[in-house]
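# Structural overview
The chain contents come next:
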Amino acid sequence: MPIDVQTRLSPGWWMDRLFTKLNQRARQRRLRLLADIYGGDPPLPIGAENVREMYIAFQRLARSNYAQLAVAAVSERMTPVGFRTAADGGAVGDKLAAQIWKRSGMPVTAADVHDMMLNLGEAYVIVGPVDEETGAPVVTAEDPRTIIGEPHPVNPMRLRAALKVMRDDIEGEDRAYLYLPGEVWVARRTASYAASGVGGIGVTWSPRAWDWAPERSGTLGFNRLPVVRFLNKDQAGEYEAHQDLLARINHQTLQRLVIATMQAFRQRAVKGLDDIDEETGEEIDYSDLFVMDPAALWQLPAGAEMWESGTVDLRPILDGVKADVQEFGAVTRTPMFMLQPSGVNQSAEGASLQREGLIFRTQDRIDRTSLPWSQVMALSFLQAGEPARADLSKLETLWASPARLSLSERADAASKAANDIPRRIRLIDIWGYTPERADELESEWDEQELREAQIAAAAQTPDPTAPAAAPLVLPVLDGLAQPAVTDEGEGLI
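Bear in mind the structure is a predicted one, so any value in this text is a computation, not a measurement. (Residues numbered from 1 in each chain as written. Predicted model: local features only at pLDDT ≥ 70, side-chain atom pairs only at ≥ 80, totals over all residues. Heavy atoms only, no water.)

Quick reminder: α-helices carry 3.6 residues per turn. Residues three or four places apart thus point the same way. All buried positions along helix 5 (residues 95-103) are accounted for by Ala-97, Ala-98, Ile-100 and Trp-101. One side of helix 5 holds all its buried residues, which, seen down the axis, span an arc of 165°. Exposed and oriented more than 90 degrees from the buried face of helix 5 are Lys-95 and Lys-102. Residue Asp-94 occupies the N-cap position of helix 5, its side-chain oxygen lying 2.8 Å from the main-chain nitrogen of Leu-96. With its phi angle positive at about 70°, Gly-105 sits one or two positions after the end of helix 5. (Buried < 20%, exposed > 50% of the residue type's maximum accessible area, 1.4 Å probe, protein only. Helix = DSSP H or I, 4+ residues; strand = E, 2+ residues; numbered from the N terminus. Arc of directions from axis to C-beta. Polar contact = N/O pair within 3.5 Å; in protein donor to acceptor, adjacent residues only side chain to side chain.)

Here the focus is the confidence of the model for the protein chain. Per-residue confidence for the protein chain gives a mean pLDDT of 82; residues scoring 70 or more make up 84%. Mean pLDDT in the protein chain bottoms out at strand 15 (residues 489-492), which sits at 47, and peaks at strand 10 (residues 227-231), which reaches 97. Contacts from residues 194-200, a stretch scored under 50 in pLDDT, to residues over four places away or in other chains number 14 contacts. (pLDDT = per-residue confidence, 0-100. Contact = heavy atoms within 4.5 Å.)

What follows deals with the pattern of salt bridges. Taken as a whole, this structure holds 26 salt bridges when the rule is applied. The partner of Arg-175 in a salt bridge is Glu-173, and the shortest N-O contact between them spans 2.8 Å. For Glu-173, the salt bridge identified is with Arg-216, shortest N-O distance 4.0 Å. In this pair, Glu-173 is assigned in strand 6 (residues 173-180) and Arg-216 in the loop between strand 8 (211-212) and strand 9 (218-219), connecting sequence segments 43 residues apart. When its relative accessible area of 10% is taken as the criterion, Glu-173 is described as buried. (Salt bridge = Lys/Arg side-chain N within 4 Å of Asp/Glu carboxyl O.)

Here we come to the packing of aromatic side chains. For the structure shown, the criterion picks out eight aromatic pairs. An aromatic cluster is defined as three or more aromatic residues linked by ring pairs; in this entry it consists of Phe-83, Trp-101, Phe-230 and Trp-373. (Phe/Tyr/Trp six-rings, centres within 6.5 Å; stacked < 30°, edge-to-face > 60°.)

The description of two helices packed together rests on the angle between their axes and the distance between the axes. For the pair helix 2 (residues 25-38) and helix 6 (residues 106-120), interaxial distance at closest approach is 9 Å and the crossing angle is 115°. In this structure, the crossing between helix 2 and helix 6 has a hand that is right-handed. Contact with helix 2, carried on its side by Arg-30, Leu-31, Leu-34, Ala-35 and Tyr-38, involves Asp-115, Asn-119 and Leu-120 of helix 6 and no other residues of that element. Residue composition of the contact of helix 2 with helix 6, by class: five nonpolar, one polar and two charged. (Axes fitted to C-alpha atoms, helices over the stretch in contact; angles between N-to-C directions. Left-handed = near helix turned anticlockwise from the far one by under 90°. Nonpolar A, V, L, I, M, F, W, Y, C, P; charged D, E, K, R; others polar.)

The antiparallel open sheet is built from three strands, whose spatial order is 3-2-10. For this open sheet the edge positions go to strand 3 (137-142) and strand 10, each flanked by a neighbour on one side alone. Adjacent strand axes in the sheet meet at a mean angle of 20° when their direction is disregarded. (Pairing = 2+ DSSP bridges.)

Tracing the backbone shows Gln-28 in helix 2. Given a relative accessible area of 1%, Gln-28 falls into the buried group.

What follows concerns the packing of helix 7 (residues 243-262) against helix 8 (residues 315-332). For the pair helix 7 and helix 8, interaxial distance at closest approach is 10 Å and the crossing angle is 165°. Taken together, the axes of helix 7 and helix 8 lie roughly antiparallel to each other. Read as a crossing pair, helix 7 and helix 8 show a hand that is left-handed. For the pair helix 7 and helix 8, contact is made by Leu-245, Leu-246, Arg-248, Ile-249, Gln-252, Thr-253, Arg-256 and Ile-259 and by Ile-317, Leu-318, Val-321, Asp-324, Val-325, Glu-327, Phe-328 and Val-331, respectively. (Parallel < 35°, antiparallel > 145°, perpendicular 65-115°, else oblique.)

Before going further, it helps to spend a moment on the nonpolar core. Core analysis: the largest hydrophobic core is formed by 50 residues, its most contacted members being Val-125, Phe-230, Tyr-239, Phe-328, Trp-373 and Val-376. For this core, the element with the highest residue contribution is helix 10 (residues 348-383), accounting for eight residues. Not counting residues within four places of it along the chain, the set of residues in contact with Phe-230 comprises Val-113, Met-117, Gly-121, Glu-122, Ala-123, Val-125, Thr-369, Pro-372, Trp-373 and Val-376. Counting 31 residues, the second-largest nonpolar core is a separate cluster that includes Ile-147, Ala-162, Trp-205 and Ala-213. (Core = buried A, V, L, I, M, F, W, Y, C linked by side-chain atoms within 4.5 Å.)

Right, let's get into unusual backbone geometry. What is expected of a backbone is that most residues other than glycine have negative phi and most peptide bonds are trans. Look at Leu-9: it is not a glycine, yet its phi comes out positive at around 70°. Among the secondary structure elements, Leu-9 is positioned in the segment before helix 1 (11-22). Located in the positive-phi region is Arg-333, a residue other than glycine, with phi close to 60°. Its location among the elements puts Arg-333 in the loop between helix 8 and helix 9 (336-339). A residue is classified by how much of its surface remains accessible, and Arg-333, at 44% relative accessible area, is partly exposed.

In this structure, Leu-61 sits in the loop between helix 3 (52-60) and helix 4 (66-75). For the pair formed by Leu-61 and Leu-254, sequence separation is 193 residues and the distance between their alpha carbons is 7.6 Å.

Taken together, the side chains of Asp-274, Asp-275, Glu-283 and Asp-285 define an acidic patch exposed on the protein surface. For Asp-275, the location among the structural elements is in the loop between strand 11 (268-271) and strand 12 (305-308). (Patch = residues over 30% accessible without salt bridge, like charges linked within 9 Å, V, L, I, M, F, W, Y side chains within 5 Å. Areas by Shrake-Rupley, 256 points an atom, 1.4 Å probe, with all protein chains shown as cover. Lys, Arg positive; Asp, Glu negative; His and termini not counted. Charge placed at Lys NZ, Arg CZ, Asp CG, Glu CD.)

Turning our eyes to something else, we now look at helix 6. With 15 residues, helix 6 extends 20 Å from end C-alpha to end C-alpha; this agrees with the ideal 21 Å at 1.5 Å per step. By the burial criterion, the buried members of helix 6 are Met-106, Thr-109, Ala-110, Val-113, His-114, Met-116, Met-117, Leu-118, Asn-119 and Leu-120. At the C-terminal side of helix 6, Gly-121 shows a positive phi close to 95°. (Expected span 1.5 Å × (residues − 1).)

Laid out in C-alpha cells, this is it:
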C-alpha cells in the first residue's frame, strides 16, 4: 500500500519532504566533494587532457591533504570532560553522566562528530535505547549525507523532524527512519543494489515503492526528538571557502613534478652537423653514430659543436608552494608547525601568536557544540530513566581547556595557583585530568597522608614492653648534697 504523502504534517508528508531535501543534487554534490577532499581524494590538478587516462596516476602524486590537518587542528582540542546537572551541579560535574558517557563509547563518538561537523559543516547524533550489555544508551554519529533534519522555525537549535536512510545488505532492503517528537516511523523497500539516485547511498524515493514497517515503528518513552544536529560556523567546512587555494597548491606541485620528470637529465645536442652526405647525396642517420655507451667514441666533423642543457632550478616553484601553504595556514588559523615540518623552527613568539588564533577558533566551535551535547546527554538520561537529570535548563557541558600547555607551563601555573584554587580544581583545569582521574589521585593522596600519619604516631608512642629506666642518683661530693632526678622530680640527696 503506497504511503500517503498528501495529508499535511502526517508521517508520509514528512518523509516525502525530508527525502526531497536529503536528495537535493547541489547538497549531495557539495558533501561528496568535501568528503573526497578530506579523505585525500580531491579533484585532480588540470593538465594533459588529451592523454588523461595515462596521466591520472601521475596526477595523483601531486595531491597533498592539508584539509585534514585544518580539521584535526581544531577537533583534537575539543574534548568534553563532564556535565553539570540538576542532581549534581558541582565544579567537576555529575558522576552518573560521566559513567553514561564512558559506557556509551562517547569519547570516540564525540571525536567522530566533531570531525564530521568541521569537515562537512554539519553532523547529527541519534540517541537510541539502553544497550543490555553496557547498560547505557546507544549513541551514534551520523553522516549528513544519509540523514537530514527540519529545524524548528522559532528555535533553530531544535529539530521538528529528522530522516535517516540506510541500506541493510543482510536483510536485503532499504530503510528510512522518520523521527518525530516521541515517535519513530520506519519505511522499507526491497534493496536495489545498483547505484541509483543521487542520495549519499543511492537511495531514491517514491511513495509507491515504499511500505511502512509497523514492527520497527513505535513510540518513545518521552516526547522529544531523539536526534540532535551539530552545525559549524556558517554551516560550512573549515576549509570549504579555501578550496581554490588547495587546488593551487596541488597544481603547482604537479608542475614541479612534471618539470622534474621531463628534465631530470641534461639534454645533449650537436650543432653544425650536415644533414646530407656530400658524397652519396643521402640523408645522414646520426642515431647509430651517437650511442650512449661508456666505451662509445664519437667522431665529429670539423665545425661541429657539442651542446648540453643546464639543470632546472626548482626552488622558485618550491618557494611558491611554501608561500601558498603559509597563506592556507593564515586564512584557516592553522599553525605552521602542523602544515610544514620547517614550521617548528619559527620563533617562540610567532608560534604563540599562531596558537592563540587556533585557540580562539576552537573556543568558538566549543561554544557552538556545548548546547547540542547537553541535548544529547538529556536524551541519554531520558533513555536511562533519569528524567530529573534531563532538565536542559540545568545541564551544562564541561570541556577540557583548548590550550594544550606543556608540563613545565602546567607545573608553573599549578604552583602559582596553589593558594587560590582548590587542589581538585587544579587537577582538572590546569593539569587537564578528567574528573574521574582527579578523584583517583585525591584518594591516593588521602591514603598516603593517612599512612604517613600512622607512621609518625607509631614513632612517638613508647613501647610498653620496654623496661622502665632506673632513677639517676648522684654521689655525695665533699659532704655537699647534690641534686638528683627521681620520678617525683628534683630532690636533694
